[in-house]
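# Per-entry structural report
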Amino acid sequence: MRFRHPDGTTVHLAYCTNVHPAETLDGVLAQLRDHCEPVRRRLGRDRLGIGLWLARDAAHALVSDPSALRVLRTELDRRGLEVVTLNGFPYEGFGAEEVKYRVYKPDWADPERLDHTTALARVLTGLLPDDVTEGSISTLPLAWRTAYDDGSADKARTALLTLAERLDALQELTGRSIRVGLEPEPGCVVETTGDAIAPLTAIAHERIGICVDTCHLATSFENPHTALDALTAAHVPVVKSQLSAALHAEHPHLPEVREALAAFDEPRFLHQTRTGTSAGLRGTDDLGEALAGDALPDGAPWRAHFHVPLHAAPAAPLTSTLPVLRSALTRLVGGPHPLTRHLEVETYTWQALPPELRPRGRTQLADGIAAELTLARDLLTDLGLKELP
C-alpha cells in the first residue's frame, strides 16, 4: 500500500511475512498464493506491499540463480504484490516449535550474518518495483547481550562497515539504494534506540541506520518523541519502522492480572518483560520468569515483548501499547517531512496467542492481517497522508 505524504513523497506500508513459516523458495511462492494475495483481495486493493522474510536457504537460492529471482518477481507482479523491504532479523527456523534465543544467531560478529545480509540486499535490488529505487532491510541489533565482548564489538563494527561498502557498490551496479537498519530489541546489546546511537554514529554511514519497532520501543518504556528526537539530533537515519504493539499490564500485583498474563506465556518465542523502578528499568528474559515469584517488582506496570494484533487488544485486565504506536507514527510521518518512508506491520505471534484467540485456518488469519492493515491505513490517513491506488 502506498501513501502520498503532504510533502509529496511516497510512504510505503507492508505487512511482514514472517507470520507465515517458510524456509525455502517454494515455501515463499506458496505464501504469496495462500496468504498474501488473499489479504490483498480482502482489502480491495490492486497492489499490496509485503515485507518478505527470506530464510537462509531461500535467500541463497535467489542470489545464486537469476532465473529463480525472475520467477519470484513474476509471481509478485502477477498476484498484485510489491516488495520494498525485507525482514533480515531471523536467519532460519523462525517457524520452529521453539525459537527463543536461537533467533539471535548468527550475530554480527559472525561472518555468516554479513554474508546473509549481503545476499538479501542483492535479492532486494531485483525485487523492487520498477518505479522504486530505495529498499530497506531490518536486522539483528548486533547480538544478544551475553557472550558479547570488545572483540565481538570490533568484529561487528568491521562487518557493518564492510556491508556499507558493499551497498555502495551495489548502487553503482544497479542504480538502486539499499539501506539496513539495526532493530533494537529488549535483551540485546542494542536494547533501546538510545543504545543504537553510539555504534551507529561510530559507523557514520548513511546506508546503516535503525529500524524502530514500536512494540520493542514500548516494552522498554521509551517515549517515542524523545527517542526519535534523539535519533534525529544524532543524524541516525530511520531506515524503516515496524508497526507493532506490546502486551501491557497496569496492575501486575493483582492475581487476576497474573493469571491473564500467564495465558500469554508460551514456548515458542521469548517474551522479554520490563518494568520501571526508581533505579531504572528492570526486566526478565521471558514472561514466565517474571511471573515466577519475585523475579520482577510488581509495583508499577509491566510490558511484555508479545506482538499483539494491532486491531485486537487483549481483554481486560490487560491491554496493548497501541497508544505508543500512535504517538510514534505521529512523529515518524506526521511532521512536515517523514522520518522514514518504509512502514511494516509485524505481528508474527498470531499462532502464539492463547488458544481461544488464535485464528482457525488461513481464512481467519487473512481476515486478521487485513484488519491490522486497515487500522494502520486509517492511522496514516488521519495524519494527512493520502492513500494511492
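See the structure shown above.
A few points on the structure. On a predicted model such as this, the values are computed, not experimentally measured, just so you know.

A few words now on the overall build of the protein. Summing up its helical and strand segments, the protein has twelve helices and 15 strands in all. Compactness check: the protein gives a C-alpha radius of gyration of 20 Å against a globular reference of 21 Å for 389 residues, within 12% of the reference. Each principal axis of the C-alpha atoms in the protein carries an extent, and together these give about 55 × 50 × 45 Å. Here the protein holds 389 residues, and 58% of them are scored as buried. Averaging the coordinates of the 39 positive side-chain charges in the protein and doing the same for the 53 negative ones gives two points 6 Å apart.

Attention now goes to the pairing of strand E3 (residues 48–53). Most of E3 is tucked away: six of the six residues are buried. The side-chain alternation of E3 yields two buried faces, one formed by Leu48, Ile50 and Leu52 and the other by Gly49, Gly51 and Trp53. Two strands pair when backbone bridges link them, and strand E2 (residues 10–16) and E3 are joined in this way by three bridges, in the parallel orientation. The partner of Cys16 across the bridge, within E3, is Gly51. Where E3 lies against strand E4 (residues 81–87), five bridges are found, and the strand directions are parallel. Paired with Leu48 across the strands is Leu81, a residue of E4.

So, on to helix H8 (residues 224–233). Of all the residues in H8, the buried ones are Pro224, Ala227, Leu228 and Leu231. Looking straight down H8, one finds its buried side chains confined to an arc of 90°; they lie on one side. Turned more than 90 degrees away from the buried face of H8 sit Thr226 and Ala233, all of them exposed. Against the buried residues of H8 lie helix H6 (193–203), strand E7 (208–213), helix H7 (214–219), strand E8 (238–243) and helix H11 (322–333). Backbone nitrogen of His225 and a side-chain oxygen of the N-cap are separated by 3.0 Å at the start of H8; the cap is Asn223. Trailing H8 by a residue or two, His235 shows a phi angle of about 60°, which is positive.

Calculation notes
- Residues numbered from 1 in each chain as written.
- Predicted model: local features only at pLDDT ≥ 70, side-chain atom pairs only at ≥ 80, totals over all residues.
- Heavy atoms only, no water.
- Helix = DSSP H or I, 4+ residues; strand = E, 2+ residues; numbered from the N terminus.
- Rg over C-alpha atoms; globule rule 2.2 N^0.38 Å.
- Buried < 20%, exposed > 50% of the residue type's maximum accessible area, 1.4 Å probe, protein only.
- Lys, Arg positive; Asp, Glu negative; His and termini not counted.
- Charge placed at Lys NZ, Arg CZ, Asp CG, Glu CD.
- Pairing = 2+ DSSP bridges.
- Arc of directions from axis to C-beta.
- Contact = heavy atoms within 4.5 Å.
- Polar contact = N/O pair within 3.5 Å; in protein donor to acceptor, adjacent residues only side chain to side chain.

Read these as geometric descriptors, not functional statements.
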